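# Structural overview
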Amino acid sequence: MSFNIRALDSFTKQAKRLAKKYKRISEDLTDLQAILTDDPKAGTALSHNCFKIRLQNSSTKTGKSGGFRIIYYYLSPKTDIYLVSIYSKTEQSNIDEAKIIDLLMEAGLAEF
């Protein structure tokens, strides 16, 4: 497959904030890249061509259940994957669909 994995500004800001608390997050994101390269639809399908994937936080001993949640946008093998949002499950339980739509619209990926 020929696609790139791109981080939206929203994702980058959230990842930088999390990196202050979780020092090994860059290793975890490298694992995410490998997972998505192998299977771009590895996450749970949400609406608006978005997926949510659980990622282990290697800075803690909580496993995937208490790890990170990544929201990403993916249309087809001919398009890139866009990392939209990342949050720690221990800090936030879920992300609103309205917030996901706002982030997609800000990035110019969707019109509603």
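Here is what the cut-offs are and how they apply
Residues numbered from 1 in each chain as written. Predicted model: local features only at pLDDT ≥ 70, side-chain atom pairs only at ≥ 80, totals over all residues. Heavy atoms only, no water. Core = buried A, V, L, I, M, F, W, Y, C linked by side-chain atoms within 4.5 Å. Buried < 20%, exposed > 50% of the residue type's maximum accessible area, 1.4 Å probe, protein only. Helix = DSSP H or I, 4+ residues; strand = E, 2+ residues; numbered from the N terminus. Contact = heavy atoms within 4.5 Å. UniProt positions renumbered as here; feature names shortened; annotations may be inferred. Pairing = 2+ DSSP bridges.

Counting 18 residues, the largest nonpolar core has F68, I70, Y72, L83 and I86 as the members making the most contacts within it. The set of elements that each furnish at least two residues to this core consists of α1 (9-21), α2 (25-38), β3 (50-55), β4 (68-73) and β5 (81-88). With residues near it in sequence (within four places) discarded, I86 still touches F11, Q14, A15, L18, I25, L29, F68, R69 and I70. In terms of nonpolar packing, the next biggest core, distinct from the first, is built from twelve residues, I71, Y73, I95 and A110 among them.

This part covers the UniProt feature "coiled-coil region" (unreviewed entry) in the protein chain. Per the UniProt record, the feature "coiled-coil region" (unreviewed entry) sits at residues 8-35. Within the segment residues 8-35, helix and strand shares are 86% and 0% respectively, and the terminal C-alpha atoms sit 19 Å apart.

Across the six residues that make up β4, a large majority, six, are buried. On β4, burial covers both faces: F68, I70 and Y72 on one face and R69, I71 and Y73 on the other are all buried. The sheet contact formed by β3 and β4 spans six bridges and is antiparallel. Counted as the bridge partner of L55 is F68 from β4. Pairing geometry for β4 and β5, over six bridges, is antiparallel. In the sheet register, F68 faces β5, and the bridge partner there is S88.

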